[in-house]
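Residues per chain, in single letters:
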Amino acid sequence: MPAHGLQPRTALKHFTPSTDPAEGLGVLMLFRLIEESVPDFFQPDRRILITRAPGRLDVLGGLARDAGAPAVQIPVAEAACAAIQQRDDDLVRLWAPCRDDSRSQLLSMRLGDLGLPGAPIDDDEARALLMPDPRDRWAAYLLGSLLVLARDHGLRPDRGVELLVHSDVPQRCGVASSTAVAVAALRAFALAYGLDLPPAALVDAVAAVEGGILRAPHRRRDTLAVAHAHAGELLAVDGKGVSARLAVPSDLEIVALDSGVPSATTDADADEAVDVARLQQLLAADPTPAHRRELGDLLFAAHESYRQAGRVEPATDFVVAAAKARRDAGGAVLGAKATGRGGGGAVLLLGEHGKVWYEALRIKKALHDKTGHSAHVFRWSSPGAFAFGAIELQPGGDG
């Protein structure tokens, strides 16, 4: 999965960016939203900070319930981007644009409603306040992030903020869309309020937001990949953290497509440690046909593990079977498997660099013919949250 994007010059009317983001990272869309929202949401006379966190694909080892189990993951190009600007009063205004009417888009709350700055409310109070309406669940990730920083990291905010979050990570595809939002929001709040949030503390904070406040499935491995990976890099993670950084061999490429069936929300009992270790060995081994075929076999065997754990759906099985048929016919696919927790979601394909993309498009068409679903195809990679850093927009621009 190659890194994506060229480096354009970005012209903004109201602000001057500290860094020009690469095209395709989602930040240019955020720039446009910011410019269009002045002065109704953002003000043109004070700085804005921008953070970003990508989704991720499980290459191998994504099924295990054990939080310490090893896995190999890679960040995708699709990401959640957050823009934050301080206010002079205690109002927190949230904005998350939505293309349809499936949820709310704007929400405002006083810091005092969260018990801030002095006594942040606990998890039960937070759920009662933030989650009675499913249409506002997205805001619980954002305000929950602020609460966790106050409760667990000593943040005492006395002024509110404007916070815009825009994500193009497809939801319920098993690619860590909610984790990306939580990471981007936590980093945005920390930077805006001058709080030092080191990598280990960020991982714990995401767990407190997802697992504590929202009672949502949380996997430490996902946060590690979303936060720590570099573009195009395979990240080996376990319960202790990042165990290895692996390059994708130049003759290989990873792509994926969503099945159109929502991913499952729970993990299964599985022991994938041996396969994860063998994957790392094969990636470093000579690129012989036998080694490449064994790499593909590992993915097909991993998908069978999903089947045995009851984590497959007809749509994901169809995609994997189509990939297997293409390999048997001499196509550019080596292997395929469901990603995330399975039970739907995305299917990862490993194959020849520059060619497996076309195999994915072929399978996408076949899936559409069978189910009517036009699959999103993941091809590019991008930097994790810490590798991306942050962009500062200072007042002033071309206008």
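Keep in mind that this is a model prediction, so the values were computed, not measured. (Residues numbered from 1 in each chain as written. Predicted model: local features only at pLDDT ≥ 70, side-chain atom pairs only at ≥ 80, totals over all residues. Heavy atoms only, no water.)

1. Here we look at the pattern of salt bridges
Opposite charge on two side chains makes pairing possible when the charged atoms of those side chains draw close. The condition is simple: For this document, the term salt bridge refers to a Lys or Arg side-chain nitrogen within 4 Å of an Asp or Glu carboxyl oxygen. Only DSSP runs of H or I reaching four residues or more are called helices, and only runs of E reaching two or more are called strands; each is numbered from the N terminus. A simple rule labels every residue: compare its accessible area, found with a 1.4 Å probe on the protein chains alone, to the largest value its type can have, and call it buried under 20%, exposed over 50%, or partly exposed in between.
Tallying each qualifying case throughout the model produces 27 salt bridges. A salt bridge links Arg93 to Glu162; the nearest nitrogen and oxygen atoms lie 2.8 Å apart. A residue pair is termed long-range when its members are at least 10 positions apart, and Arg93 in strand 4 (residues 91-95) and Glu162 in strand 6 (residues 161-167) qualify at 69 residues. Overall, Glu162 belongs to the buried group, its relative accessible area being 2%. Where Asp369 meets Lys365, a salt bridge forms, and the shortest distance between an N and an O atom there is 3.1 Å. Of this pair, Asp369 and Lys365 both sit in helix 10 (residues 356-371), four residues apart, roughly one helical turn. Relative accessible area serves as the criterion here: at 54%, Asp369 is assigned to the exposed category.

2. So, the packing of helix 3 (residues 137-153) against helix 5 (residues 199-213)
Inclusion rule: Inter-axis angles, ranging from 0 to 180 degrees, are taken between N-to-C directions of lines fitted to C-alpha atoms, where helices are fitted over the stretch in contact. Angle categories: roughly parallel below 35 degrees, roughly antiparallel above 145, roughly perpendicular from 65 to 115, and oblique for all the rest. Crossing handedness is read from the near helix: turned anticlockwise from the far helix by less than a right angle, it gives a left-handed crossing, and turned clockwise, a right-handed one. The contact criterion used throughout is that any non-hydrogen atoms of two residues lie within 4.5 Å. Residue polarity is assigned by list, with Asp, Glu, Lys and Arg as charged and Ala, Val, Leu, Ile, Met, Phe, Trp, Tyr, Cys and Pro as nonpolar; anything else, Gly included, falls into the polar class.
Between helix 3 and helix 5, the least distance of the axes is 9 Å, while the angle of their chain directions is 120 degrees. In terms of their interaxial angle, helix 3 and helix 5 are classed as oblique. Viewed along their axes, helix 3 and helix 5 form a crossing whose handedness is right-handed. Here helix 3 contributes Tyr141, Gly144, Ser145, Leu147, Val148, Arg151, Asp152 and His153 to the contact with helix 5, which in turn contributes Ala201, Ala205, Ala208, Val209, Glu210 and Ile213. Looking at the contact of helix 3 with helix 5 residue by residue, the classes come out as eight nonpolar, three polar and three charged.

3. What about the environment of Val276?
The residue Val276 is located in helix 7 (residues 273-284) in this model. With 204 residues separating them along the chain, Val276 and Val72 place their C-alpha atoms 6.9 Å apart. Residues in contact with Val276, not counting those within four places in the same chain, are Leu60, Gly61, Pro70, Ala71 and Val72.

4. Thoughts on the pairing of strand 3 (residues 71-86)
Here is the rule: Two strands are counted as paired when DSSP detects at least two bridges linking them.
Of all the 16 residues making up strand 3, 15 are buried; the element is thus mostly covered by neighbouring parts of the structure. Judged from the 10 bridges that link them, strand 2 (residues 48-60) and strand 3 form a sheet pairing that is antiparallel. Each residue of the ladder has a partner; that of Arg56, found in strand 3, is Pro75. Here seven bridges tie strand 3 to strand 6, and the two strands are oriented antiparallel to one another.

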